[in-house]
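# A look at the structure
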Number of protein chains: 2
Amino acid sequence: MPRVSEEHLAARRRQIVEAARRCFLREGFHRTTMQDVIAEAGLSVGAVYRYFPSKASLISAIAEETIGGAEEVLDELARQDPPLPLDKALEYALAYMENQAGDEGMLRIAIQVWGEAQRDPALGEFAASRYTKLRGHFEVLVRRAQEAGELPADADPAAVAAALFGLLPGWFLQRIITGGPDVATYLSGVRVLFGRQR
Amino acid sequence: MPRVSEEHLAARRRQIVEAARRCFLREGFHRTTMQDVIAEAGLSVGAVYRYFPSKASLISAIAEETIGGAEEVLDELARQDPPLPLDKALEYALAYMENQAGDEGMLRIAIQVWGEAQRDPALGEFAASRYTKLRGHFEVLVRRAQEAGELPADADPAAVAAALFGLLPGWFLQRIITGGPDVATYLSGVRVLFGRQR
DNA sequence: CTCCAAAACGAATGCTCGTTCTTTTATGCG
DNA sequence: CGCATAAAAGAACGAGCATTCGTTTTGGAG
């Protein structure tokens with residue numbers, strides 16, 4: 001099997017990442033063994049190690065997928081023209097979160113990444129930069145809301161973005177840990193706090 | 001050393017828990033070994049296993065401490081008379097969080113507990129019930145705010161409480177992962193979203 | 001059709017770690 | 001003062017794990 005097509009290589013890689021995702025979802029990073037991932041992928045030790053030199057590299061790949069999904073959504077959100085009012089934007093973002101909060105969703109993995117990021121410096125830096133970028137998308141929205149007169153012009157966009165952004169993990173943590181409120185209920189609570197139109 | 005005093009037993013237990021806390025903070029649950037905790041406590045294997053029958057039980061004890069700290073604060077918050085306006089209450093709660101968000105703080109451990117709670121059913125149920133209780137304290141505050149006319153009487157107190165509560169992890173996650181905004185900045189953003197007085 | 005290198009395989013390795021268990025120490029009571 | 005016993009010690013065990021590496025398979029170039 002020499003020099004196989006690029007597509008073949010990419011497909012194998014996906015096959016392994018998907019297997020890892022299922023395993024990590026089921027058992028968490030530390031309880032899933034390489035053997036678990038290998039068996040789930042239906043491959044051999046050697047095959048998997050050809051694509052990922054270590055378990056940590058597999059975890060990184062999964063972290064990338066997790067954050068990448070949210071990034072796509074928030075990126076599109078920030079691009080909407082005309083810009084969505086902030087509460088609609090929040091609704092849009094939370095709709096994605098609700099999708100990913102189930103047993104199969106990426107958010108359970110995101111929570112594990114946070115834990116891991118605290119002790120794996122490489123993952124820590126990666127997470128820091130990507131989450132900062134994520135928040136940046138909200139900052140764009142806030143600026144546009146200011147231009148539209150929806151928010152006071154003298155407000156600090158970064159601060160408002162941080163508050164809005166915080167409402168996302170604020171929701172799905174409660175959802176995943178406590179079985180908390182659904183998005184509609186949560187949003188109704190947010191809107192009450194927001195005064196009225198915002 | 002038979003039948004030693006209650007205080008001695010309690011002190012030994014604390015000694016072990018404190019050692020574990022330091023280790024877990026430094027290396028996370030999975031990278032700290034029992035040997036690490038034992039060495040940090042300056043005790044022997046046998047001594048530690050007399051107080052905690054397993055590593056999981058040590059993790060549970062730490063989880064208890066972590067959540068217990070927040071519980072005390074929010075409990076007191078809900079009892080304040082006259083009740084604090086919601087933004088002041090948030091400020092109060094966030095002040096505690098800021099205290100615990102540093103390298104030595106319990107919030108880093110809380111994040112690990114979330115990951116663990118997803119795969120250890122006992123810890124999962126424990127976290128679910130305790131976090132629900134935590135949110136309940138905010139619900140009390142919301143009801144009182146409604147009585148004071150600070151919020152519309154027809155709002156769902158549980159929903160508003162969830163939104164407020166979500167702002168806490170929303171802050172310290174950003175802080176710990178991305179080095180995010182300090183509490184004052186975050187609060188300023190929250191207040192902008194809140195319209196004005198709320 | 002041949003041949004070779006890339007790809008896949010999987011047995012073996014070596015280490016780490018949680019836990020057990022036997023032995024030693026030390027305390028308070030009689 | 002010494003005995004009974006709780007507490008502490010720490011050597012040893014055994015399972016589980018990530019990773020290595022020598023071997024086998026296989027696709028495609030010539």
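Here the structure is a predicted model, which means the values were calculated and not measured. (Residues numbered from 1 in each chain as written. Chains lettered and ligands numbered in written order. Predicted model: local features only at pLDDT ≥ 70, side-chain atom pairs only at ≥ 80, totals over all residues. Heavy atoms only, no water.)

## Things to note about the overall build of chain A
Stated formally: Secondary structure elements are defined from DSSP: runs of H or I of at least 4 residues count as helices, runs of E of at least 2 residues count as strands, and each element is numbered from the N terminus. With a 1.4 Å probe rolled over the protein chains alone, any residue whose accessible area is under 20% of its type maximum counts as buried; one over 50% counts as exposed, and the rest are partly exposed. The criterion used for residue contact is that any of the two residues' heavy atoms lie within 4.5 Å. Charged residues are defined narrowly, with Lys and Arg counted positive, Asp and Glu counted negative, and His plus the chain ends left uncounted. To locate a charge, take atom NZ for lysine, CZ for arginine, CG for aspartate or CD for glutamate.
Counting its secondary structure elements, chain A contains nine helices and zero strands. What you see in chain A, going N to C, is helices and strands ordered as α-α-α-α-α-α-α-α-α. Within chain A, the fraction of its 198 residues that count as buried is 56%. A separation of at least 24 residues holds for 67% of the contacts in chain A among residues at least 6 apart in sequence. For chain A, the centre of its 23 positive side-chain charges and the centre of its 27 negative side-chain charges are spaced 4 Å apart.

## Looking at the pattern of salt bridges
In plain terms, the rule: Salt bridges are defined as contacts in which a side-chain nitrogen from Lys or Arg sits within 4 Å of a carboxyl oxygen from Asp or Glu.
The full count for this structure, using the stated rule, is 31 salt bridges over all chains. Between Arg26(B) and Glu40(B) there is a salt bridge; the shortest N-O distance is 2.8 Å. You can see Arg26(B) sitting in helix α1 (residues 6-31) and its partner Glu40(B) sitting in helix α2 (residues 34-41), a full 14 residues away along the chain. A relative accessible area of 28% places Glu40(B) in the partly exposed class. Beyond isolated ion pairs, a larger network of salt bridges with shared partners links Asp87(A), Lys88(A), Glu91(A) and Arg191(A).

## A word on the interface of chain B and chain A
This is how the line gets drawn: Values labelled buried area give the accessible surface lost by two parts on being combined, using a 1.4 Å probe and summing over both. N or O atoms within 3.5 Å of each other form a polar contact, as long as, within protein, one can give a hydrogen and the other can take it, and as long as residues adjacent in sequence are counted only when both atoms are side-chain atoms. Basically, the charged four are Asp, Glu, Lys and Arg, the nonpolar ten are Ala, Val, Leu, Ile, Met, Phe, Trp, Tyr, Cys and Pro, and anything else, Gly included, counts as polar.
Contacts between the two partners involve 50 residues from chain B and, on the opposite side, 50 residues from chain A. Across the chain B/chain A interface, buried area totals approximately 3,900 Å², and carbon plus sulfur atoms make up 70% of it. If you sort the residues of chain B by the area they bury against chain A, Gln118(B), Arg119(B) and Leu193(B) come out on top, with a joint share of 19%. If you look at where chain B meets chain A, you find zero salt bridges. At the boundary of chain B with chain A, the tally comes to 10 residue pairs in polar contact (both at pLDDT 80 or more). Elements represented by at least two residues in the side of chain B that touches chain A include exactly α1, α6 (107-117), α7 (121-147), α8 (157-178) and α9 (183-193) of chain B. In terms of residue count, α8(B) provides more of the side of chain B that touches chain A than any other element does, 15 residues in total. Classifying every residue of the side of chain B that touches chain A gives 27 nonpolar, 15 polar and eight charged.

## A closer look at the environment of Glu76(A)
Mapped onto the secondary structure, Glu76(A) falls in helix α4 (residues 55-79). Considering only alpha carbons, one finds Glu76(A) and Asn99(A), 23 residues apart in sequence, at a separation of 17 Å.

## Digging into the packing of helix α1 (residues 6-31) of chain A against α4(A)
Residues and elements named next belong to chain A. Threshold: To define axes, lines are fitted to C-alpha atoms, for helices over the stretch in contact only, and angles between the resulting N-to-C directions are given on a 0 to 180 degree scale. Throughout, the term roughly parallel applies to angles under 35 degrees, roughly antiparallel to angles over 145, roughly perpendicular to angles from 65 to 115, and oblique to all others.
At a minimum axis distance of 10 Å, the contact between α1 and α4 shows a crossing angle of 95 degrees. Classified by the angle between their axes, α1 and α4 sit roughly perpendicular to one another. For the pair formed by α1 and α4, the contact residues are Arg-13, Arg-14, Ile-16, Val-17, Glu-18, Ala-20, Arg-21, Phe-24, Phe-29 and His-30 on the first element and Lys-55, Leu-58, Ile-59, Ala-61, Ile-62 and Glu-65 on the second. Residues that form the contact of α1 with α4 fall into these classes: nine nonpolar, one polar and six charged.

## Quick word on the domain arrangement of chain A
Residues and elements named next belong to chain A. Put simply, the rule is: Marked domain ranges trace back to an automatic or database domain assignment.
Domains assigned within chain A are domain 1 (1-53) and domain 2 (62-193). The straight-line distance from the C-alpha centre of domain 1 to that of domain 2 is 29 Å. Residue-level contacts link 10 residues of domain 1 with 12 residues of domain 2. Summing the contributions of domain 1 and of domain 2, the shared interface buries around 920 Å²; its carbon and sulfur component is 66%. By the criterion of area lost to domain 2, the three top residues of domain 1 are Arg-21, Leu-25 and Phe-29, representing 61% of everything that side buries. Scanning the region where domain 1 abuts domain 2 turns up one salt bridge. Among the ionic pairs, Glu-65 bridges to Arg-14, the shortest N-O distance being 3.8 Å. Counting the contacts that link domain 1 with domain 2 gives four residue pairs in polar contact (both at pLDDT 80 or more).

## A short note on the UniProt feature "DNA-binding region" (unreviewed entry) in chain A
Formally: UniProt positions are given in the numbering used here, feature names are shortened, and annotations may be inferred rather than shown by experiment.
In this structure's numbering, the residues bearing the UniProt feature "DNA-binding region" (unreviewed entry) are residues 33-52 of chain A. Along residues 33-52 of chain A the backbone is 75% helical and 0% strand, and the end-to-end C-alpha distance reaches 14 Å.

## So, the side chain of Gln174(B)
With respect to the secondary-structure elements, Gln174(B) resides in helix α8. Classification of Gln174(B) as buried rests on a relative accessible area of 3%. Sequence-distant contacts of Gln174(B), defined by excluding residues within four places in its chain, comprise Arg135(A), Ala162(A), Phe165(A), Gly166(A), Gly179(B), Gly180(B), Pro181(B) and Tyr186(B).

## Remarks on the relation of the copies chain B and chain A
Superposition of the two copies of the chain requires a rotation about an axis together with a shift along that axis. Using the following cut-off: Alignment of the copies relies on least squares applied to C-alpha atoms, considering only residues that score at least 70 for pLDDT in both.
Expressed as a screw operation, the relation of chain B to chain A combines 0.0 Å of axial shift with a rotation of 180 degrees, fitting to an RMSD of 0.1 Å. Within this description, the copies of the chain are treated as partners about a two-fold rotation axis. Nearest to the rotation axis, the C-alpha of Phe194(B) is located 2.1 Å from it, this being the minimum over chain B. With an isologous cut-off of 70% or more, the 100% of interface residues of chain B that recur at the interface of chain A puts this contact in the isologous class.

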